[in-house]
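Residue-level structure breakdown
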Amino acid sequence: MRRSLEIVHNAMHGFVNMGSAHVSFRDPFVFLLHSNVDRLYARWQTDPAHPERLDPNVVYGSESTDARINSNIRPWSGAPPTTRPWAPPENQQVVKTYKHPTVVAPPRYDTNHPAIQLVVANFGYNAGGWRVERHPRLVVDLTGDRRADIIGFGNAGVWVARNNGNGTFQSPQLAVGNFGYDAGGWRVERHPRFLADTTGDGRPDIVGFGNAGVWVSRNNGNGTFQLPQLLVGNFGYDAGGWRVEMHPRLVVDLTGDRRADIVGFGNAGVWVARNNGDGTFQDPQLVVDNFGYNAGGWRVERHPRFLADTTGDGRPDIVGFGNAGVWVARNNGDGTFQAPQLMVNNFGYDAGGWRVERHPRLVVDLTGDGRADIVGFGNAGVWVARNNGDGTFQDPQLVVGNFGYEAGGWRVDMHPRFLADTTGDGRPDVVGFGDFGVWVARNNGDGTFQPPQLIVGNFAYIAGGWRVDMHPRFLADISGDGRADIVGFGNAGVWVSISI
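Criteria and thresholds
- Residues numbered from 1 in each chain as written.
- Predicted model: local features only at pLDDT ≥ 70, side-chain atom pairs only at ≥ 80, totals over all residues.
- Heavy atoms only, no water.
- Helix = DSSP H or I, 4+ residues; strand = E, 2+ residues; numbered from the N terminus.
- Buried < 20%, exposed > 50% of the residue type's maximum accessible area, 1.4 Å probe, protein only.
- Contact = heavy atoms within 4.5 Å.
- Areas by Shrake-Rupley, 256 points an atom, 1.4 Å probe, with all protein chains shown as cover.
- Pairing = 2+ DSSP bridges.
- Axes fitted to C-alpha atoms, helices over the stretch in contact; angles between N-to-C directions.
- Salt bridge = Lys/Arg side-chain N within 4 Å of Asp/Glu carboxyl O.
- pLDDT = per-residue confidence, 0-100.
- Phe/Tyr/Trp six-rings, centres within 6.5 Å; stacked < 30°, edge-to-face > 60°.
- Lys NZ or Arg CZ within 6 Å of the ring centre and 35° of its normal.
- Polar contact = N/O pair within 3.5 Å; in protein donor to acceptor, adjacent residues only side chain to side chain.

1. Re the overall build of the protein chain
Scanning the protein chain from N- to C-terminus turns up five helices and 28 strands. Sorting the 500 residues of the protein chain into buried and exposed places 48% on the buried side. Within the protein chain, residue pairs in contact and separated by at least 24 positions form 44% of the contacts whose partners lie at least 6 positions apart. Total accessible area computed for the protein chain in this model is approximately 21600 Å², and 49% of it derives from carbon and sulfur atoms.

If you want it as structure tokens, here you go:
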């Protein structure tokens, strides 16, 4: 495409030469030709119907091996004197050649592109030595100001970088000398850790499933925490024999009292430890003799399980993707559940051939009616089973012919995908971290979606060199405007792109 336009461009320079190729710019026709070439090329670069536009070798054709195309270009060469956007305030310190995705296909032309900024020089692979297999990191509002803070479970314990209220962050502070790799001996492969409000004050506490059971460190309301307390002598590696690779555990409000309860998918089924209302818990009770390792034969590597409100009563139900499809056990409102029912004959290991290592599945309200719908990233793209409003579901529909294993070549081990509200309309959009950047398919409000658009040429497998096993990425509102922003834990620390 570029070569075809270049041929016309060069021919016109010769036709209106006036003795010099540069003097030819005095002819208005040549100026108009340049403008139109730029316009046509810009339209092609942003047209999702032409995925080849993102392949530098297609764009540059026979010139792909030219040394000038493959050399670093200013201002992204890093060579002094440096200017924007390499220098502040954008500080986009990513070396680029003419083949870089943001050069080949700039994401936007008529608006300022959302900048990617390094906001904390810590919590990163190189900056701090943080590792996915050792150090969980989360982005969540700790203080109740509706602006997410950064929390990391490091070697020495729990570190917190408070949000300043404007999308920038304070320096990390050690908030709890426990729950860490060295401080307490916590391990990702043994000890799940969560943030959940156990007291009803609107500020999440730290909940960790350790060897001896469930430990809770209460939030003081300002991003600091009290000392951990052992509140349940079960659900632990030693206390109960719970295993990450066999027994998923969650911390979620089951009764609508705004205080999180403990839910575990054990050998015999689903166990619940009800919150007493003061942040302490009752003894675990077996509430469903299914969805378990022995009770039903459910496996972590085959059968995702979630808690989501499918009926609109404000209390989450159990949703499991089994062999035969999607099973739902409705919440009775008191932390007990009805018997599971098969609701959708698809999205399952046998029913549809869905695989954990290929096909992410989520349960989230797409339409704003307060009732969760089913979303699956399949081979052909994104499938949705709309909630009928009563906890039953419509047949799955293909809503986006992208973000899939075959449709787009998306891979679980390379391309994280989320559902998050990027526009502030209360309905989540599809957000995918692809090869060349972050793609968003906006929600139309009815469970269908617009075609994907490249919104940030970074945070991606090729664009930026981000890796699932090195660089966690999240969607969270850090500016308080109700729109999800991109937060990535890269090599140099925490990078942010604010939604605009």
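2. Details of the sheet that holds strand E26 (residues 473-476)
Two modes of strand pairing occur in sheets, parallel and antiparallel, and in both the strands are linked by backbone hydrogen bonds. Strand order across the open sheet formed by four strands is E1-E28-E27-E26, with antiparallel pairing between neighbours. Each edge of the sheet is formed by a strand with only one pairing partner; in this case those strands are strand E1 (116-120) and E26. For this sheet the average axis-to-axis angle between neighbouring strands, irrespective of direction, equals 30°. Here E26 runs beside strand E27 (residues 485-489); their pairing, made up of four bridges, is antiparallel. By the bridge assignment, Phe474 is partnered in E27 with Val487.

3. Concerning the pattern of salt bridges
In total, this model carries two salt bridges according to the counting rule given. For Arg68, the salt bridge goes to Asp66, with nearest N and O atoms at 2.9 Å. The exposure class assigned to Arg68 is exposed, which follows from its relative accessible area of 61%. A salt bridge links Arg483 to Asp481, with the shortest nitrogen-to-oxygen separation between them at 3.9 Å. Classification of Asp481 as partly exposed rests on a relative accessible area of 32%.

4. Section: the sheet that holds strand E23 (residues 429-433)
Pairing is antiparallel in the open sheet, where four strands are placed in the order E22-E23-E24-E25. Every other strand in the sheet has two partners, leaving strand E22 (417-420) and strand E25 (453-456) as the edge strands with one partner each. Mean inter-strand twist for the sheet, computed between neighbouring axes without regard to direction, equals 30°. Judged from the four bridges that link them, E22 and E23 form a sheet pairing that is antiparallel. Bridge pairing in E23 links Phe418 to Val431.

5. Points about the environment of Asp313
By secondary structure assignment, the location of Asp313 is in the loop between strand E14 (305-308) and strand E15 (317-321). The sequence separation of Asp313 and Arg371 amounts to 58 residues, and the corresponding C-alpha distance is 8.5 Å.

6. Comments concerning the confidence of the model for the protein chain
Overall, the prediction assigns the protein chain a mean pLDDT of 90, with 85% of residues at 70 or greater. In this model residues 107-113 is a low-confidence stretch, pLDDT under 50, and it forms 16 contacts with partners more than four residues away in sequence or in other chains.

7. A short note on the pairing of strand E16 (residues 326-329)
In this sheet, E16 lies alongside E15 in antiparallel orientation, the contact comprising four bridges. Across the sheet, residue Ile318 finds its bridge partner in E16, namely Ala329. Following E15, the chain reverses through four residues before pairing antiparallel with E16; Gly325 in that reversal takes a positive phi of roughly 140°. The sheet contact formed by E16 and strand E17 (residues 341-344) spans three bridges and is antiparallel. In the sheet register, Val326 faces E17, and the bridge partner there is Val344.

8. Some points on the packing of aromatic side chains
The full count for this structure, using the stated rule, is 14 aromatic pairs. When the centroid spacing of 5.0 Å and the interplanar angle of 45° are considered together, the rings of Phe179 and Trp186 count as tilted. Three or more aromatic residues joined by ring pairs make a cluster, and in this case those are Phe123, Trp130, Phe474 and Phe489. Sitting over the ring of Tyr349, Arg355 keeps its end group 3.6 Å from the ring centre. Lying over the aromatic face of Tyr405, Arg411 brings its terminal NZ or CZ to 3.6 Å of the ring centre.

9. Notes on the environment of Asp413
Position of Asp413 relative to the elements: it lies in the loop between strand E21 (397-400) and E22. Judged by relative accessible area, Asp413 falls into the exposed class, the value being 57%. Once the C-alpha coordinates of Asp413 and Asp469 are considered, the two residues, 56 residues apart in sequence, prove to be 7.8 Å apart.

10. Here's the deal with the environment of Arg386
Along the chain, Arg386 falls in the loop between strand E20 (382-385) and E21. Separated by 13 residues in the primary sequence, Arg386 and Asp373 place their C-alpha atoms 5.1 Å from one another. Each residue touching Arg386, except ones within four places of it in the same chain, is listed here: Thr367, Asp373, Thr392, Phe393, Gln394, Asp446 and Gly447. Side-chain polar atoms of Arg386 contact the backbone oxygen of Asp446, separated by 2.5 Å.

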